[in-house]
Amino acid sequence: MPLRVLALLAALAVSAPALAQDRAAVEQQFRGWLEQTIWPRARAEGVSRGTFDSAFSGVSLNWELPDLVPPGTTRQTPRTQRQAEFGAPSKYFNRGSVTGATSVGRRMAGRHASTLAAVERSTGVPGHIILAIWGRESGYGRVDIPHDAFEVLGTKGFMSTRADYFTDELVAALEIAEAGHAPERAMKSSWAGALGQPQFMPSSFLDYAADGDGDGRADIWRSEADTIASIGTYLNRHGWRPGRDWGFEVTVPRSVSCTLEGPDQGRPIRDWAAMGIDRVSGRAFPEHELNGEGFLMMPAGRNGPAFIVTPNFYVLKDYNMSDLYALFVGHVGDRIAYGMGDFETSWDPVGTMYRSDIAKMQRGLQARGHDVGGADGLPGFKTRRSIGRWQENTGRAATCFPESGMTSALAG
Ligand SMILES: [Ca+2]
């Protein structure tokens, strides 16, 4: 065995018990932080000592969570993130998730018809949109949400890459406990601290959680009516426009450039129609939508379905900042409400690319003066249309979507 390996093994043998000791010391620091930093802030927000003690009773640091920065260490980019494969848009719409969300959603539409109608009257948000979000976030409450919210938020507030953010969320969670919306041990969250069936961060809960069943509490963990009312309230307060659709699948003629995509390039839907953009259904755009603003949205550029979306699409993105998320919700909503089938246009296969490859392309586009919205390895609309503009500028056919061959072309 090479000497270096022996030395490494020896070091590991020493460091294992040392690690346990370190963790015990860090747990002590965590307890001190709760007492000295969190308790004064919670008390100032009206949280009682009883609520505080009960929330952290039996809670210790969760060392399995991602993005932790224990005291005395520095942030390291996790290897998994560097090597993450770029997920093709089609994966987001795999048959199981779409048909599962649709069929259970239809059953829920029947079971909660009166609650959904009441929430639509008060918020303007159609029931099928609320159902699709509920399905996506927690499988209509069927997905196990295993973590104790105080364990997750406490750990990430104390030692994570976004400690300040999670510290604020931890204080908000204590306010929720103080108000008695749910028993503390019932306040379950995802590993990222999102609460209950609609997956609200605690600060969103304080702003938007609503009581749908009239018992005076907003119990988004156990009450389906409260979950429905809370999602409707969230979208309403983010500007949902009653009476408008979320969007329509369309065909985009070659004469219309894919670089016209994006929420900052809106025009009346009647203008898009005049440019030759048609609905795939063969029907005209609804009369009441024609004067409203519409936006071109091509999540896979020329390599997949295209859409004219309305401002409500961007309200859905306020729930989760992803075009594919908002499209999933709108599409599943359509299937629940209207029995609509698959997208007419299929998603072209995407060759294997890593997020690091896309980040490289983004840096190449930035060096050429394009706005890609940050070199994060994800092809959002700014990246897509910048690719299209670069393709048009260099005499290529504009596809507005990353391809593996572009990395070298953009590096030079
Ligand atoms: Ca309630």
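Check the entry above for the structure.
Since we're looking at a predicted model, the values are computed, not measured.

Novice: Tell me about the pairing of strand β6 (residues 293-297), and please be specific about residues and values.
Specialist: Most of β6 is tucked away: four of the five residues are buried. Direction of pairing for strand β4 (residues 267-268) relative to β6: antiparallel, over a ladder of two bridges. Bridge pairing links Pro268 to Glu293 in β6.

Novice: Run through the side chain of His128, naming residues and quoting values.
Specialist: Turning to its location among the elements, His128 is positioned in helix α7 (residues 127-138). Among the residues examined, His128 registers a relative accessible area of 16% and is labelled buried. In contact with His128, other than residues within four places in its own chain, are Gly333, Asp334, Ile336, Ala337 and Tyr338.

Novice: Would you mind going over the coordination of the calcium ion in detail, with residue names and values included?
Specialist: Distances from the calcium ion to its protein donors, Asp211 (OD), Asp213 (OD), Asp215 (OD), Arg217 (O), Asp226 (OD) and Asp226 (OD), fall at 2.2 to 2.6 Å. Bound by six donor atoms, the calcium ion shows angles of 53 to 164° at the metal and therefore irregular coordination geometry. Coordination of the calcium ion draws on donor residues from a single chain, spaced D-x1-D-x1-D-x1-R-x8-D in sequence.

Novice: So what's going on with the sheet that holds β4? Which residues, and what values?
Specialist: Sheet architecture is open: five strands sit in the order β4-β6-β7-β3-β5, paired in antiparallel fashion. What marks the edges here is a single partner per strand, and that holds for β4 and β5 (278-279). Bridge count for strand β3 (residues 247-251) against strand β7 (residues 306-309) is four bridges, and the pairing is antiparallel. When the bridges of β7 are listed, Phe248 appears paired with Ile308. Packed onto the sheet, helix α13 (residues 311-319) meets β6 and β7 and runs at close to 65° relative to β6.

Thresholds, definitions, all that
- Residues numbered from 1 in each chain as written.
- Predicted model: local features only at pLDDT ≥ 70, side-chain atom pairs only at ≥ 80, totals over all residues.
- Heavy atoms only, no water.
- Buried < 20%, exposed > 50% of the residue type's maximum accessible area, 1.4 Å probe, protein only.
- Helix = DSSP H or I, 4+ residues; strand = E, 2+ residues; numbered from the N terminus.
- Pairing = 2+ DSSP bridges.
- Contact = heavy atoms within 4.5 Å.
- Donors = N, O, S within 2.8 Å, 3.2 Å for Na, K, Ca; no water.
- Tetrahedral: all angles 85-135°; square planar, octahedral: opposite > 155°, others 65-115°.
- Axes fitted to C-alpha atoms, helices over the stretch in contact; angles between N-to-C directions.

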